[in-house]
Amino acid sequence: MLDLIVQGGPIFGHPEADAVGVRCGRIAAVGRAQDLAALRGPKTQVFRLEGRPLLPGFFDAHLHFLKIGLDRTFFVDLSSARTLSEALELLRARAKERPGEWVVGRGWDESRWPEKRYLERADLDRAVPRQPCCAVRVDGHMMVANTLALARCVRPEGELVDRERGFVFEDAIPEVLALVRPSQEALVEAVAEASRYAASLGVTAAADMDTDAQALRAYALAEHRGLLRTRLFTYIKAELLPHLAGLGIRKGFGSAFLRLAGVKAFADGSIGAKTAALFEPYRGEMGKGRVLLGRGELARLWRKVMEAELQLAVHAIGDRAIEEVLAAARLAGVGALDRHRVEHLELPTPHQLDRLKELGLVASMQPNFLQWSGPGRMYEDRLGPARDARIDPHRWVLDRGIPLAFGSDGMPLGPLYGIGLALDPPYYPQRVTWEEAIRAYTYGAAYAAFAEEELGSLEVGKWADFVVLSGDPGRTPPRDLRVEATFVAGELAFSR
Ligand SMILES: [Zn+2]
């Protein structure tokens, strides 16, 4: 007997079917509702699609899960404060709620306040006298800190630190933020919130990038308490590789909700910060960005990753960084069946993509980044129109048969946003179909994490992770669609 039957709408990937049956958290049948009725018992639950389509749960191939949760639970959003006193009130309330914790505000903007002045140390000391508190201005270039927070900042008084008024500028800001250590409870709460939020957007699995010990521990605790309902595949910070190798932990270690997949490395930076490594300079400048890990070093790391039977996910955005990755793969002896992954892959040349295909590398791309492409946008400003026109070349990737995985990098979380951009990119030749986009955000991402046997499509034997959309993605633009329900292992994780 089935535990659950979902019926009455199109089933993605199965044009002949209108129902899916679930037993013990897994898909047990896909077919016509009248045929599944024979498997219906007194305890079988029925969910009616009422014509709405059923899709596999979305698998976000690149995000930072803990950060998504902390953004929603730990940091105090000051962008809505209409006055300076209102901003202080928000900080004071949080301090009361969480005594002993750091209080970190973000997004304040004095130009919108009647007081027309910056927050200062004395203000924060009044509002939050007994715990460290700081608040970053909306532009991210300035922060104000209270006396207790400043006492922990070792940078001397000077250009970047004004202790009298409590101002901290530019490079000194991340130094102060690095001191902020949310408590274990706050971290677990953040994971739980990230999981709830992901479910509300239809995300049932994700590859977590740059996972560190603090995040891994928080995920494990949240899972232990049943609060982690998103299947996480973790790509650990490269400097932790010796620990994994020392323990003999290989890819796949873990549970149904928390699994170790591999190691994350960086070949370059970002286009926004002009640190992505390019063959030709940034528009109107001499600088070509910077290779962080050249072919020799990267090849050495790659070999160690393979020896440990782990997967490498390497961040490479600019064409020059991608070149280093391809050369490193050759040096390391990466084989066509090894399935390592390149993260972002924003500016490859067609020839580089041919070699990527030969090496069996997966393209892990974020269609969200197209928000910065097109006339007058940031990528065009940094790269000029010719290079902007070949950024995020999804079509080139698919036409070569390179496995494509879509993710959001949390900018913002939510597959429908990225899918919308992939269907309607600023440069039309790179357009993909809605089936291709959904496949990249489900099966493609599962394949990229060696999870395609269990996730990524609606097949008998796979986990019953799926989403109900409000309408037909073939007819309705994604921006007009929403996720109506999300199931994880056959259980309702979200319902509108
Ligand atoms: Zn990222």
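Given the structure is predicted, the values throughout are model-derived calculations rather than measurements. (Residues numbered from 1 in each chain as written. Predicted model: local features only at pLDDT ≥ 70, side-chain atom pairs only at ≥ 80, totals over all residues.)

### Quick notes on unusual backbone geometry
Point 1. Of the consecutive residues Met 411 and Pro 412, the connecting peptide bond is found in the cis state with omega at -15 degrees.
Point 2. Residue placement: Pro 412 occurs in the loop between strand E19 (404-406) and helix H16 (415-423).
Point 3. At Lys 116, a position not held by glycine, the phi torsion is positive, near 50 degrees.
Point 4. Checked against the element boundaries, Lys 116 lands in the loop between strand E8 (103-108) and helix H4 (121-127).
Point 5. Phi angles above zero are rare outside glycine, and Arg 339 is one such case at about 60 degrees.
Point 6. Tracing the sequence through the fold places Arg 339 in the loop between helix H11 (319-332) and strand E17 (341-344). (Helix = DSSP H or I, 4+ residues; strand = E, 2+ residues; numbered from the N terminus.)

### Comments concerning the domain arrangement of the protein
Point 1. Per the domain assignment, the segments of the protein are domain 1 (75-177) and domain 2 (184-457).
Point 2. Measuring from the centre of the C-alpha atoms in domain 1 to the corresponding centre in domain 2 gives 34 Å. (Domains from an automatic or database assignment.)

### Some thoughts on H16
Point 1. Burial analysis of H16 places 7 of its 9 residues in the buried class, the great majority of the element.
Point 2. All of the buried residues in H16 are Pro 415, Leu 416, Gly 418, Ile 419, Gly 420, Leu 421 and Ala 422.
Point 3. Elements that come into contact with the buried residues of H16 comprise strand E6 (58-63), strand E13 (203-211), helix H15 (394-399), E19 and helix H17 (434-448). (Buried ≥ 20, exposed ≤ 12 C-beta atoms within 10 Å, placed from the backbone. Contact = placed C-beta atoms within 7 Å.)

### Details of the sheet that holds E6
Point 1. The sheet built from 8 strands is open, its strands ordered E6-E13-E14-E15-E16-E17-E18-E19 with parallel pairing. Looking along the sheet, the strands with just one partner apiece sit at the ends: E6 and E19. Sheet twist, expressed as the mean angle between neighbouring strand axes with direction ignored, is 25 degrees.
Point 2. In the sheet, strand E16 (residues 311-316) pairs with E17 via 4 bridges, with the strands oriented parallel. For Ala 316, the partnering residue across the bridge sits in E17 and is His 344. (Pairing = 2+ DSSP bridges. Axes fitted to C-alpha atoms, helices over the stretch in contact; angles between N-to-C directions.)

### Re the sheet that holds strand E21 (residues 483-488)
Point 1. Strand order in this open sheet of 4 strands is E5-E20-E21-E22, and the pairing throughout is antiparallel. One side of each edge strand has no neighbouring strand; the edge strands of this open sheet are strand E5 (54-56) and strand E22 (491-495). Adjacent strand axes in the sheet meet at a mean angle of 25 degrees, parallel and antiparallel pairs treated alike.
Point 2. One ladder, built from 4 bridges, connects E21 with E22; its direction is antiparallel. Across the sheet, residue Ala 485 finds its bridge partner in E22, namely Ser 495.

### Overview of the nonpolar core
Point 1. Core analysis: the largest hydrophobic core is formed by 165 residues, its most contacted members being Leu 91, Val 191, Ala 207, Val 325, Ala 405 and Ala 445.
Point 2. When residues of this core are assigned to their parent elements, the largest contribution, 9 residues, is made by H17.
Point 3. Excluding anything up to four places from it in sequence, Val 191 contacts Leu 66, Gly 69, Ala 218, Tyr 219, Ala 222, Leu 227 and Leu 228. (Core = buried A, V, L, I, M, F, W, Y, C linked by C-beta atoms within 7 Å.)

### Description of the packing of H16 against H17
Point 1. For the pair H16 and H17, interaxial distance at closest approach is 10 Å and the crossing angle is 140 degrees. In terms of axis orientation, H16 runs oblique to H17. Seen from above, H16 lies across H17 with right-handed handedness. Contacts from Pro 415, Ile 419, Ala 422 and Leu 423 of H16 reach H17 at Trp 434, Ala 437, Ile 438 and Tyr 441.
Point 2. When the residues that make up the contact of H16 with H17 are grouped by side-chain class, the tally is 8 nonpolar, no polar and no charged. (Parallel < 35°, antiparallel > 145°, perpendicular 65-115°, else oblique. Left-handed = near helix turned anticlockwise from the far one by under 90°. Nonpolar A, V, L, I, M, F, W, Y, C, P; charged D, E, K, R; others polar.)

### Re the environment of Leu 278
Point 1. With respect to the helices and strands, Leu 278 occurs in the loop between strand E15 (258-266) and helix H10 (295-307).
Point 2. Excluding its chain neighbours within four sequence positions, the residues that come into contact with Leu 278 are Lys 288, Gly 289, Gly 318, Asp 319 and Arg 320.

### Comments concerning helix H8 (residues 213-224)
Point 1. For H8, built from 12 residues, the straight-helix expectation of 16 Å at 1.5 Å per residue is met to within 8% by its first-to-last C-alpha distance of 16 Å.
Point 2. When H8 is considered as a whole, its buried residues turn out to be Ala 215, Leu 216, Ala 218, Tyr 219, Ala 222 and Glu 223. One side of H8 carries all its buried residues, which in axial view fall inside an arc of 165 degrees. Turned more than 90 degrees away from the buried face of H8, the exposed residues are Ala 213 and His 224. (Expected span 1.5 Å × (residues − 1). Arc of directions from axis to C-beta.)

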